[in-house]
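Chains, contacts and geometry: an overview
Chain by chain, the residues:
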Amino acid sequence: MTSLLVLVLAAAPDARLLDRVAERTKAIEAFTRNASLTLKVASDELDSDGRSEKHTELVFKVSRKDGKVTRELRSATEDGKDISEKTRKDLDEAQEKNGDGNGKVQASPFHPDERAKYAFALLPPSDKAPGLVRIAFQPAGEKSDKVMIGDAAIDPETGDVVRMSMRPSKNPRFVDHLYLELEFDAQTPAGRALSKLSTRGAGGLLFVKKRFAVVTTFSDYAARE
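Summarised in this report is the structure supplied together with it. Numbering of residues starts from 1 in every chain and runs along the sequence as written. Side-chain atom pairs in this predicted model are given and counted only at pLDDT of 80 or more, local residue features only at pLDDT of at least 70, and totals for whole chains, interfaces and linings cover all residues. Hydrogen atoms and water are omitted, and side-chain values are computed over all heavy atoms in the structure.

1. Some details on the sheet that holds strand 3 (residues 68-78)
Strand pairing within a sheet occurs via backbone hydrogen bonds; the two strands may be parallel or antiparallel. DSSP-based pairing: two strands are paired if at least 2 bridges between them are found. Numbering of helices and strands runs from the N terminus; a helix is a DSSP stretch of H or I covering at least four residues, while a strand is a stretch of E covering at least two. The antiparallel open sheet is built from 11 strands, whose spatial order is 4-3-2-1-13-12-9-8-7-6-5. With one partner strand each, in any of the chains shown, strand 4 (81-82) and strand 5 (118-123) form the two edges of the open sheet. The sheet contacts of helix 2 (residues 15-32) involve strand 1 (35-46), strand 2 (52-65), strand 5, strand 6 (133-139), strand 7 (148-154), strand 8 (161-168) and strand 13 (208-223), and relative to strand 13 the element is tilted by about 80°. Two residues qualify as a contact provided that any one of their heavy atoms is within 4.5 Å of a heavy atom in the partner residue. For helices, the fitted axis covers only the stretch in contact; all axes are lines through C-alpha atoms, and the angles between them, taken along N-to-C directions, range from 0 to 180 degrees.

Right under this line is the structure:
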């Protein structure tokens, strides 16, 4: 993760490139508002040495229409044991209690509605991907759990985000640390969409602390009529 000192010393990226990324981000957002996809969530509860104590895998078919989201659980396992029936019941009870979960998803720092919250800086290209432009971001103002610190690799020709790493500039309540790695390798008519989200973190109440790792994959994007 890029240090704040590096961001202070780095040059600002080309505003035209930021505009291109914003346009691409909006186009992909519009596409996914009326699309279906397959969602696989593999999560681990970790011990103090980072070893998995419990491994859970959930597979959903997700359908979005005009922003409304429906999720169909296809399968669920815990340490290899099928728990689909119990998981469906738990999800139904959670939906009845908390609603359908169709709230707004945390937007990209490059989204037009988010850009004013951030300061951007140009970083040296990676040796592994010299053709991509690296842009770092941090809060332009007050830190919060909804404003991130991180960096992204951008295709300068299309404005697609290819990779992004980030963490909250201020940890959410009861969270000690949280790191996110995003990959955008899913090809859609609107551009590269999110294909993998890897999350690692720790938190909890008082002396009850939990460490976790979650890998979510997104595939089979298809437009809905």
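2. What about the pattern of salt bridges?
Counted as salt bridges are all cases of a side-chain nitrogen of Lys or Arg within 4 Å of a carboxyl oxygen of Asp or Glu. One pass over the full model with this rule turns up 14 salt bridges. Lys 117 is the salt-bridge partner of Glu 114, the closest N and O atoms lying 3.2 Å from each other. Burial here depends on accessible area, computed with a 1.4 Å probe over protein chains only, as a share of the maximum for the residue type. Under 20% is buried, over 50% is exposed, and the range in between is partly exposed. For Glu 114, a relative accessible area of 7% corresponds to the buried category. Asp 145 is the salt-bridge partner of Lys 146, the closest N and O atoms lying 3.8 Å from each other.

3. Details of the environment of Arg 167
Its place among the elements puts Arg 167 in strand 8. Among the residues examined, Arg 167 registers a relative accessible area of 26% and is labelled partly exposed.

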